[in-house]
Amino acid sequence: MATKHEKILRYIESLPVGDKISVRQVAKEMAVSEGTAYRAIKEAENRKLVNTIERVGTIRIEQKKKENIERLTFAEVVNIVDGQVLGGRNGLHKTLTKFVIGAMQMEDMMRYTDPGSLLIVGNRLKVHGNAIRAGAAVLITGGFDASEEVKKLADEMELPIISTSYDTFTVATMINRAIYDQLIEKDILLVEDIIVPISQTATLDSDDLVSDFHARNKTTSHGAFPVTSGNGRLVGIVTAKDVIGMDGEVPVERVMTPKPISAGMKMSVASAAHRMIWEGIDLMPVVSAGDRLEGVISRQDVLKALQVAQRQPHQGDTFEDLVRSQMEEDEESESTLLFTVTPRMTNPLGSLSHGALTIMLSEAADQFLKKRKRGESVIESMSVYFMKHVQLGSQVSVRPELLDMSRHFAKMEFTVYSGESIVGKAMMMLQVFER
């Protein structure tokens, strides 16, 4: 049986795109408290089912597919630019296909203004109306207003007309930044991308016996199974180790691990991998907000996904990508990596930042272990010591040294040079898991 929270989320998902919702309305419709309704609406916002705009309210928006995430809805644009909606509220759920800067003659401007686009322009009243008639939304910069005629037209055509106090250049930069951030988000692999869904997952019921485990193990060759209650909620996990020497009539509930470590659909694969290594588990159940089992991920699936992701081209560059782009191997020393300090890698004083150095060290460790065919690794602890400031434009070399290695752990020391001078030292403990 679904929880109140799950029922509200399903109700919100069933609403037509563009519908306006409120805490009071949801509470009344679903016969729940306003606190329960508020928490569910916040969860819906996290899932990008709705968007909340100041002075407008919460609107049901189209849930964007991952391949289309670089597009924004007009509702998101309002929030990005701290805008005020002057008209066309019923079109806020729509997705913009492109934005056009209105810095040319009106006739030329209209050539670039297509249906679904967003025209960013100042207080040019005639342009506002022509853009709406062409099927485009309008974002007025500089805090200017639109005429009542244009507002009425925007309402009729359900195309938003938005006003913001920012100038045109700032607005374009803010929207570009938002799209860029979403491109980076698009590159992040989530559990939902690699999950084995519940329809393909072998499970056991809490009323099953150890003999049922053996039977299921024989037909699937799996060594672990999630255990669910009658209503589909995850209550435990049972592995081959748990049933060794146990009588076949013993209930699974007595030998299982209750309340097992689980993942959510929106957890990153990297986080799931770290947790699986840390806890030493090979199978992780994936649950919904109400602990309902949605499927499973295995350590093998996680490793394969991470290896594939590393080979994919990235559309949005993170700070780590920036540091990696400066990385090259030292021809004289196979294990040494060289980096050049760029402006974005410095702190406010113009010296190499602590964050950039940390990324350099983790990259050096990763490369070192992979060359020794030790697969993926996760940093468990790190101590970094700066001895001297490293100035902008300097070339930095990171020299790793392996102090100790076992099947699952590696201990490394790093010496950081700028020229011939030692500028930093580091000690690192890593968990290693083989391919």
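Source: prediction; values computed, not measured.

Participant: Would you mind showing me how to read the overall build of the protein chain here?
Facilitator: From N to C terminus, the protein chain includes 16 helices and 21 strands. Considering only contacts within the protein chain whose residues lie at least 6 apart along the sequence, 55% involve residues at least 24 apart. As displayed, the protein chain has an accessible area near 22500 Å², and 50% of this comes from carbon and sulfur atoms. Each charge sign in the protein chain was given a centre, from 52 positive and 59 negative side chains, and these centres are 3 Å apart.

Participant: Explanation requested: the sheet that holds strand β2 (residues 50-53) in the structure shown.
Facilitator: Adjacent strands of a sheet pair through backbone hydrogen bonds, lying either parallel or antiparallel. The antiparallel open sheet is built from 3 strands, whose spatial order is β1-β3-β2. Of all strands in the sheet, those bounded by a partner on one side alone are β1 (20-21) and β2. Sitting on the sheet, helix α3 (residues 34-46) is in contact with β1, β2 and β3 (57-60), with an inclination near 105° to β2.

Participant: Before we go on, may I ask you to explain the nonpolar core in this structure?
Facilitator: The nonpolar side chains of a soluble globular protein tend to be buried with one another. Leu352, Met360, Leu361, Val396, Val398 and Phe414 are the most contacted members of the largest nonpolar core, which has 28 residues in total. Sorting elements by how many residues they give to this core places helix α16 (residues 354-371) first, with 9 residues. Leave out the neighbours within four places in its chain, and Met360 touches Val323, Phe339, Met345, Leu352, Val396 and Val398. Counting 22 residues, the second largest nonpolar core, distinct from the first, contains Leu72, Val77, Ala178 and Ile179.

Participant: Looking at this structure, how should I read the packing of helix α6 (residues 125-133) against helix α7 (residues 148-157)?
Facilitator: Between two packed helices, the angle of one axis relative to the other and the distance separating the axes together describe the packing. Two elements in contact, α6 and α7, have axes separated by 10 Å at closest approach and are oriented at 10°. One way to sum up the angle between α6 and α7 is to call them roughly parallel. Considering how the two elements wind past one another, α6 and α7 form a crossing that is left-handed. Residues Leu125, His128, Gly129, Ile132 and Arg133 of α6 pack against Glu149, Val150, Leu153, Ala154 and Met157 of α7. Of the residues belonging to the contact of α6 with α7, the class tally is 6 nonpolar, 2 polar and 2 charged.

Participant: Can you help me understand the environment of Val235 in this one?
Facilitator: Inspection of the secondary structure puts Val235 in strand β12 (residues 234-239). Note: C-alpha distance between Val235 and Ile359 (124 residues apart in sequence) is 39 Å. If we skip the residues at most four places from it in the chain, Val235 touches Ser206, Val227, Thr228, Ser229, Met256, Thr257, Pro258, Lys259 and Pro260.

Participant: Where do I start with the UniProt feature "domain: CBS" (unreviewed entry) in the protein chain in this structure?
Facilitator: UniProt marks residues 195-254 and 256-318 with the feature "domain: CBS" (unreviewed entry), using the numbering shown here. Annotation note: span residues 195-254, helix share 30%, strand share 25%, distance between end C-alpha atoms 28 Å.

Participant: Got a minute to help me understand the domain arrangement of the protein chain in this structure?
Facilitator: Much of the literature gives interface size as the accessible area that the parts lose upon coming together. As far as domains go, the protein chain holds domain 1 (4-60), domain 2 (74-187), domain 3 (192-308) and domain 4 (319-433). Computed over C-alpha atoms only, the centres of domain 2 and domain 4 are separated by 45 Å.

Cut-off values and rules
- Residues numbered from 1 in each chain as written.
- Predicted model: local features only at pLDDT ≥ 70, side-chain atom pairs only at ≥ 80, totals over all residues.
- Heavy atoms only, no water.
- Helix = DSSP H or I, 4+ residues; strand = E, 2+ residues; numbered from the N terminus.
- Contact = heavy atoms within 4.5 Å.
- Areas by Shrake-Rupley, 256 points an atom, 1.4 Å probe, with all protein chains shown as cover.
- Lys, Arg positive; Asp, Glu negative; His and termini not counted.
- Charge placed at Lys NZ, Arg CZ, Asp CG, Glu CD.
- Pairing = 2+ DSSP bridges.
- Axes fitted to C-alpha atoms, helices over the stretch in contact; angles between N-to-C directions.
- Core = buried A, V, L, I, M, F, W, Y, C linked by side-chain atoms within 4.5 Å.
- Buried < 20%, exposed > 50% of the residue type's maximum accessible area, 1.4 Å probe, protein only.
- Parallel < 35°, antiparallel > 145°, perpendicular 65-115°, else oblique.
- Left-handed = near helix turned anticlockwise from the far one by under 90°.
- Nonpolar A, V, L, I, M, F, W, Y, C, P; charged D, E, K, R; others polar.
- UniProt positions renumbered as here; feature names shortened; annotations may be inferred.
- Domains from an automatic or database assignment.

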